[in-house]
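Topology and contacts: notes
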Amino acid sequence: MQIVWTKATRGAPRANERAALPRAFATAPSEARYTHDRYTMAEQEAFRLVHARKVSDVLPAGDAGLLLQVDGDRLVVGLRATSGRPLRHGRRALARLACGDHARLRFNARFASYSGQYYTETIFHVGFGERWPRNRFVDARPEHDVDWMADLF
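It should be emphasised that the depicted structure is a prediction, and the values quoted were computed from it without experimental measurement. (Residues numbered from 1 in each chain as written. Predicted model: local features only at pLDDT ≥ 70, side-chain atom pairs only at ≥ 80, totals over all residues. Heavy atoms only, no water.)

All right, on to the nonpolar core then. One finds Leu66, Val77, Leu79, Leu97, Leu105, Phe124 and Val126 to be the most contacted residues of the largest nonpolar core, which totals 16 residues. Mapped onto this core, the elements with two or more residues apiece are strand 5 (66–71), strand 6 (74–79), strand 7 (91–97), strand 8 (102–113), strand 9 (116–127) and strand 10 (144–148). Those residues in contact with Leu79 that sit more than four places away from it in its chain are Gly65, Leu66, Leu67, Gly90, Arg91, Leu94, Leu105, Phe107, Phe124 and Trp148. In this structure, Ile3, Trp5, Leu21 and Tyr119 belong to the second largest nonpolar core, which totals 11 residues. (Core = buried A, V, L, I, M, F, W, Y, C linked by side-chain atoms within 4.5 Å. Buried < 20%, exposed > 50% of the residue type's maximum accessible area, 1.4 Å probe, protein only. Helix = DSSP H or I, 4+ residues; strand = E, 2+ residues; numbered from the N terminus. Contact = heavy atoms within 4.5 Å.)

What follows covers the pattern of salt bridges. All told, the structure shown has 10 salt bridges when counted by the stated rule. The closest approach of N and O atoms between Glu17 and Arg14, which form a salt bridge, is 2.8 Å. Within this pair, Glu17 and its partner Arg14 are both found in helix 1 (residues 14–19), separated by three residues, close to a single helical turn. Residue classification places Glu17 among the partly exposed positions, given a relative accessible area of 34%. Look at Arg14 and you get partly exposed, because its relative accessible area is 34%. Among the charged side chains, a salt-bridge network with shared partners connects Arg104, Arg106, Asp145 and Asp147. (Salt bridge = Lys/Arg side-chain N within 4 Å of Asp/Glu carboxyl O.)

What follows is about the sheet that holds strand 8. Spatially, the six strands line up as an open sheet ordered 3-2-1-9-8-10, and their pairing is mixed. Both outer strands of the open sheet, strand 3 (49–56) and strand 10, are each paired with one neighbouring strand and no more. Ignoring which end each strand starts from, the neighbouring axes of this sheet average 15 degrees apart. In this structure, strand 1 (residues 2–6) lies alongside strand 9, joined through five bridges in antiparallel fashion. Note that in strand 9 the partner of Trp5 across the bridge is Tyr119. (Pairing = 2+ DSSP bridges. Axes fitted to C-alpha atoms, helices over the stretch in contact; angles between N-to-C directions.)

Okay, here's the thing in structure tokens:
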């Protein structure tokens, strides 16, 4: 899940609109071994929710900045180095999920482009197991909570 904004909604009162956006969503059933639901809300689209789904029968080693590896009966989750500021070096093993575990990994960044600065907040909800409750990411606290949020200003 990613939120993208510019200076226009950085401060009040528009920051309140951004802060009220959801940070987790219910999951739809999937028979695939790996399912990635990507949600994006961007200021340039009035924070309209855009959803894309990718499914695979093979667990990828990495996807959208996540590092994934099965180690015995655990799923090891890490993050690649992030671009933008502040610089963050990646880590291969931020969480080791047992079957049924949920991890939340959060980070933000500031970027500069020809059209000005923009900011992102990215949140990965990762679940490990064959049967996943639809509202698990919304209703339950994660067993693993990785917070790489930084002061961007």
